[in-house]
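Topology and contacts: notes
The residues making up each chain are set out below.
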Protein chains: 2
Amino acid sequence: MGASCIIRHFEFYSPLTDQDKKLLDSLEKAPRCVVKNESVWQEGASTDHFYTVRKGWMYAYRNMEDGTRQVLDIFVPGDIVGLREFAFRKRISGLTALTDAEICPFPKKRMLDVFSQSLLLCHIFFMIASRDQSILLERLVNLGRRSAKAKLAHFLVEISRRLEKTNVDIGNHYRIPLSQGLLADALGLSAVHVNRTFQELKEEGLVNPRHGGIELLDLEGLKAVAGFDPSYLEEDVHGLLAEARARHIAT
Amino acid sequence: MGASCIIRHFEFYSPLTDQDKKLLDSLEKAPRCVVKNESVWQEGASTDHFYTVRKGWMYAYRNMEDGTRQVLDIFVPGDIVGLREFAFRKRISGLTALTDAEICPFPKKRMLDVFSQSLLLCHIFFMIASRDQSILLERLVNLGRRSAKAKLAHFLVEISRRLEKTNVDIGNHYRIPLSQGLLADALGLSAVHVNRTFQELKEEGLVNPRHGGIELLDLEGLKAVAGFDPSYLEEDVHGLLAEARARHIAT
DNA sequence: CGCCGCGTTGAAGAAAATCAAAGCACGTGG
DNA sequence: CCACGTGCTTTGATTTTCTTCAACGCGGCG
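Now for a quick tour of the structure. (Residues numbered from 1 in each chain as written. Chains lettered and ligands numbered in written order. Predicted model: local features only at pLDDT ≥ 70, side-chain atom pairs only at ≥ 80, totals over all residues. Heavy atoms only, no water.)

Observations concerning the protein's contact with DNA strand D
The test is simple: Think of it this way: one heavy atom of a residue within 4 Å of a molecule or strand is enough to make that residue near it. Whenever a nitrogen or oxygen atom comes within 3.5 Å of another N or O atom, the pair is scored as a polar contact, on the condition that within protein one atom can donate a hydrogen and the other can accept it, and that pairs from neighbouring residues in sequence are kept only if both atoms are in side chains. For helices the rule is a DSSP run of H or I covering at least 4 residues; for strands it is a run of E covering at least 2, with both sets numbered from the N terminus onward.
Within the structure, DNA strand D sits among 17 residues, and S190 of chain A together with Q180, N195, R196 and Q199 of chain B are positioned closest to it. Counting only atoms of DNA strand D within 4 Å of the protein, the sugar-phosphate share comes to 53%. With respect to DNA strand D, the backbone of A148 of chain A contributes an N or O atom lying 3.1 Å from a phosphate oxygen. Contact distances for DNA strand D include 2.4 Å between a base nitrogen and a side-chain N or O atom of R196 of chain B. Listed by contribution, the elements that provide at least two residues to the surface near DNA strand D are α7 (191-203) of chain A together with α6 (180-187) and α7 (191-203) of chain B.

Re the interface of chain B and chain A
Rules: In what follows, residue pairs with any heavy atoms lying within 4.5 Å of each other are defined as contacts. Throughout this description, the term salt bridge denotes a Lys or Arg side-chain nitrogen within 4 Å of a carboxyl oxygen of Asp or Glu. We call Asp, Glu, Lys and Arg charged. Ala, Val, Leu, Ile, Met, Phe, Trp, Tyr, Cys and Pro are nonpolar, and the rest, Gly among them, are polar.
Taken together, the contact between chain B and chain A spans 59 residues of the former and 59 residues of the latter. Joining chain B to chain A, the criterion identifies six salt bridges. Close ionic contact of R145 of chain B with D185 of chain A constitutes a salt bridge, the shortest N to O distance being 2.8 Å. Where chain B touches chain A, the interface holds 24 residue pairs in polar contact (both at pLDDT 80 or more). For the side of chain B that touches chain A, the secondary structure elements donating two or more residues are β5 (69-75), α3 (111-117), α4 (119-145), α6 and α9 (240-250) of chain B. Considered class by class, the residues forming the side of chain B that touches chain A number 27 nonpolar, 11 polar and 21 charged.

Observations concerning the packing of aromatic side chains
Here is the rule: Any two of the Phe, Tyr and Trp rings considered here, Trp counted by its six-membered ring, make a pair once their centres fall within 6.5 Å; the pair's planes then place it as stacked at under 30 degrees, edge-to-face at over 60, or tilted in between. Only protein chains enter the accessibility calculation, which uses a 1.4 Å probe; a residue whose area is less than 20% of its type maximum is buried, one above 50% is exposed, and one in between is partly exposed. Ring-over charges, as used throughout, are those where CZ of Arg or NZ of Lys falls within 6 Å of the ring centre and within 35 degrees of the ring normal.
Here the structure, examined in full by the defined rule, presents 24 aromatic pairs over all chains. Ring geometry for F125 of chain A against F126 of chain B: centres 6.5 Å apart, planes inclined by 75 degrees, an arrangement best described as edge-to-face. With F125 of chain A in helix α4 (residues 119-145) and F126 of chain B in helix α4, the pair connects residues from two separate chains. With a relative accessible area of 0%, F125 of chain A lands in the buried category. For F126 of chain B, a relative accessible area of 2% gives the class buried. Over the ring of W41 of chain A we find R91 of chain A, and its NZ or CZ is 3.4 Å from the ring centre.

Topic: the side chain of K151 of chain A
By secondary structure assignment, the location of K151 of chain A is in helix α5 (residues 148-166). Aside from chain neighbours lying at most four places away, what touches K151 of chain A is N142, L143, R146, L187 and L189 of chain A.

With respect to the environment of E234 of chain B
Locating E234 of chain B in the fold gives a position in the loop between α8 (219-226) and α9. Linking E234 of chain B and R131 of chain B, residues 103 residues apart in sequence, is a C-alpha distance of 8.8 Å. Contacts of E234 of chain B, omitting those with residues within four sequence positions, involve F88 of chain A together with R161 of chain B.

So far we have only geometry, and geometry alone does not tell us how the molecule works.
The following block contains the structure:
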């Protein structure tokens, strides 16, 4: 059996000591399987666990009083879910499975062990939180100041980029299991308009929407339409991190 | 002279030991004054410092290729600015002063000292990052799924809530120094439309827009218009935090 | 087969953007 | 103290973008 889900994620940032790995491993409890459309938690639920996504896709959402909803984030394998709610007792968004999936819970309480026992892991957790924020920021820009076409293109490119990062092995990250209705709720548009926007992108040969999914045909073209600037995804995996590693090993 | 800016902020979460205070104090360098409209950093600048806002208001923004911009966040006294970019070498948003202001830089490098020397402070930093994210999430909802009127009302209520938290002493947090143009860029609207929306709110007696600022007349009314649910601002200042404190003191 | 979820289409309407011009408050310099 | 410029607000007319509503198609699945 391979490295646990979270170890693989962390090793993207830095090599880990055996001790670190042991610590992380002890966090991760038995994986839990969820089926498509199964709800993992709802708004208001308790926040005693985080999850790492081992397989499949998930999404976080918020239901509005008027019956609409806002999809807040999409999670792909390797992502950590729930860190957002670290400071809160109750979840501020729901989480449900977009496809059949496998997720690994780990208890929030144990974060204290991590913080106290490994400077390096603590630092990496902080980097992950920072990255999450920067993704949200970009999503803000997307919702606030881009046309429907650019919104859609940008969102698709981002997802594809995020897949590349953790799924290097999977050659085809060009198949995206998002329905048009879900994209609408993620982008603050109506499903009808998403559909029409897709038709434009399709005519330009950029995407190929199929039943319940999208195929990305021309990433570069999409980037151009979106005005995509990847810098918000490009973390500094050297710099401070190296010093944290050095210091951590020294103790 | 009173406690440093950041100590006051942290004591909102938990009482600190003298050692913690000393550590925090050592982080905070000499305050820097900036005048209205002065730029503190631009997109792409280096991320070697965070800042705490001691006086005045600041805003973070992103300029788009087409000449528009998105205002990403507003900062009020007590806020910490720049944590977002912890994982990055370069800033992904600009920061400029909305009013004359006083900010206290502290070096990002020293975060390692904090993490290694104080479990409690580390934990609080994490809570702050979590809170920042939850504010961004709510802003996403605001941009994605609310009408112009609700957007505006919600944003104003949020600001007022955030002011209450750190500025308990200031009785009148009902005077907000935001121009309509800036609000437009924050809410993804045009300045013209913001103006018209203000007129509606004004007729209902909820706000009183004056030159270069807004007076909030009826917070409850605004909350109703916004469908404001404050839970995204209500952190759990007990729970894990208490355990962190206990453990921290034990060592 | 028939249902159900999702995608597609058309027509009509609402929300917000854009353009352009004018007004108003404030500071600055004469 | 007044004239002037500048930045922000206000207003009206027009246009664009996106939504809403309603209907239909289509594929998968029990």
